[in-house]
Amino acid sequence: MDKFIKSSKERLDAINEYLESILNNRDVHQIYLKHQNHFEAITPFDVFNILYWNEEYHLEDDQIKILAGKLMNTFRSGLKNFQWNHSITLINTLLDEGLIIKTKFSEIKGILKSENLSNKQQLLKEKIKALIDLEKRHQAFEYIIFSILENRIPNSRPLSVMWSLYDDAISLRKRILVLLNDQLDQKFNEAIGKYFFLILGIIEKEELLILPIASIMIEKDEWEQLEKEAATLGYSFQNNQNNELHQMIEEPTNDFLFKGNNGGLSLEELILIFDKLGLDITFVDEDNKVKFYNNPQDRLFVRTPSIIGRDVNKCHPPKSVHIVEEIIRHFKANLKDEAKFWINYQDRFIVITYYAIRNHQGVYKGVLEVSQDCTEIKKLEGEQRLLQWKK
């Protein structure tokens, strides 16, 4: 494994010289020709080990996204030559999923090219709305594969940039849907073209960088568990979601898990209560590690077993990490006890509250994130004092 992680010094020097020439816009083609042999032998690990991804070079995520696109054009041939194990079941499924997504894009392109469709705009709207299913794929990488890789590779910055690309794709899809309310003008054509380019670029980076690294860095006996976790999310445009991980794994017991002045609960009772509250609950301990989450039937935000023990900063999109850090900093300093947000998410009104958890001596023990779908609650008026069963 180490032979893959450690890049050849000569090859890494060549890559960094080439990247420097791009940043300075100087002698790019000459530097490329000088090191072309090195680039034909490049590995996904070389790309992750590029020095300019380190914090001391002060490159913003948006700068790295632009550079990544240029580097993929240069390194594509070499990366395709890299030998890795495609036969792992989950990887095979993700590769097939990528092909399905490309087929969906071809269908949309067919509609765009057609000049005789009376309901062209409506068909496009339906197809673009359906692309929300791509978020299942994004989440499989963000919450399952990234959570393993970030602790096993020397530099996880590229994973953070990938997450940012996923966020860009989600925002752009929403913008396209807004543009579809008007005429199919130049703005729409530019946006849909940019969206296709972005998603296809993401899939290429997943297939030439992330999955090859995962095939080497993740152990054989771990893949079965990751496959189960991915199945709970489902795959894009495939009706095969499996909720078996949301079933309680622990053997039911009637023994008290705890007992105090307020009564006691068994492990089975405690888990059933947590899962029936109608709330998403996640607990992060005093060391900023995710320690627990519940499994309500209609979970709002993705959680998988792979996030247990993960640093909370790496469980959020890059654009919101600073908010999480600020909340925890104020909680630890005993300046605040609660932070509340409300958002519109997938046509639902969601309230998200963070609570500082302290013991009886006031010592900070962690933060509890509680999310609730308040869409129906918001509609309530007057009173209901009589029992009325829902039909």
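Refer to the structure printed above.
Residues numbered from 1 in each chain as written. Predicted model: local features only at pLDDT ≥ 70, side-chain atom pairs only at ≥ 80, totals over all residues. Heavy atoms only, no water.

Enquirer: Help me understand the sheet that holds strand E3 (residues 280-285) in this model?
Expert: Neighbouring strands of a sheet are bound in pairs by backbone hydrogen bonds; such pairs are parallel or else antiparallel. Pairing is antiparallel in the open sheet, where 5 strands are placed in the order E4-E3-E7-E6-E5. The sheet is open, and its two edges are formed by strand E4 (290-293) and strand E5 (338-345), each paired on a single side. Ignoring which end each strand starts from, the neighbouring axes of this sheet average 20° apart. In this structure, E3 lies alongside E4, joined through 3 bridges in antiparallel fashion. Paired with Thr282 across the bridge in E4 is Tyr293. (Pairing = 2+ DSSP bridges. Helix = DSSP H or I, 4+ residues; strand = E, 2+ residues; numbered from the N terminus. Axes fitted to C-alpha atoms, helices over the stretch in contact; angles between N-to-C directions.)

Enquirer: Even after reading the chapter, I still don't get the pairing of E5, so can you show me in this structure?
Expert: Taken residue by residue, a regular strand's side chains alternate between the two faces of the sheet. Where E5 lies against strand E6 (residues 348-358), 8 bridges are found, and the strand directions are antiparallel. Bridge assignment links Trp342 to a residue of E6, and that residue is Val351. Taking the residues between adjacent antiparallel strands as the criterion, E5 and E6 are bridged by 2 residues, where Gln346 takes a positive phi near 50°.

Enquirer: Quick question: what am I supposed to make of the environment of Lys291 here?
Expert: Mapped onto the fold, Lys291 is located in strand E4. Counting along the chain gives 146 residues from Lys291 to Ile145, while the straight-line C-alpha distance between them is 18 Å. Apart from residues lying up to four places away in sequence, Lys291 is in contact with Phe283, Val284, Asp285 and Ile308. (Contact = heavy atoms within 4.5 Å.)

Enquirer: Hey, could you run me through the packing of helix H6 (residues 61-81) against helix H11 (residues 186-217) in this one?
Expert: In a packed pair of helices, the relevant descriptors are the angle between the two axes and the axis-to-axis distance. H11 packs onto H6 with a crossing angle of 50° between their chain directions and a minimal axis gap of 11 Å. The orientation of H6 relative to H11 falls into the category oblique. Relative to H11, H6 is oriented so that their crossing is left-handed. Facing H6, whose interface residues are Ala68, Met72, Arg76, Leu79 and Lys80, H11 presents Glu204, Lys205, Leu208 and Leu209. Taken together, the residues that form the contact of H6 with H11 break down as 5 nonpolar, no polar and 4 charged. (Parallel < 35°, antiparallel > 145°, perpendicular 65-115°, else oblique. Left-handed = near helix turned anticlockwise from the far one by under 90°. Nonpolar A, V, L, I, M, F, W, Y, C, P; charged D, E, K, R; others polar.)

Enquirer: Could you clarify how one ought to interpret the environment of Leu99 in this entry?
Expert: With respect to the helices and strands, the residue Leu99 is situated in helix H7 (residues 89-113). As a C-alpha pair, Leu99 and Lys276 span 177 residues in sequence and 38 Å in three-dimensional space.

Enquirer: Help me out: how do you make sense of unusual backbone geometry in this one?
Expert: Leave glycine aside and you will find that most residues have negative phi; peptide bonds, for their part, are mostly trans. With a phi close to 50°, Asn25 is a non-glycine residue in the positive phi region. Tracing the sequence through the fold places Asn25 in the loop between helix H2 (9-24) and helix H3 (28-34). Overall, the relative accessible area of 69% leaves Asn25 in the exposed class. With a phi close to 60°, Phe237 is a non-glycine residue in the positive phi region. Within the secondary structure layout, Phe237 lies in the loop between helix H12 (220-233) and strand E1 (256-260). Look at Phe237 and you get partly exposed, because its relative accessible area is 23%. (Buried < 20%, exposed > 50% of the residue type's maximum accessible area, 1.4 Å probe, protein only.)

Enquirer: How do you make sense of helix H10 (residues 157-179) when you look at a structure like this?
Expert: In a regular helix each residue adds 1.5 Å, so 23 residues correspond to 33 Å; H10 covers 33 Å between its end C-alpha atoms and thus fits that length. With 17 of its 23 residues buried, H10 lies for the most part within the structure. (Expected span 1.5 Å × (residues − 1).)

Note that all results are geometric; they support no functional claim without further evidence.
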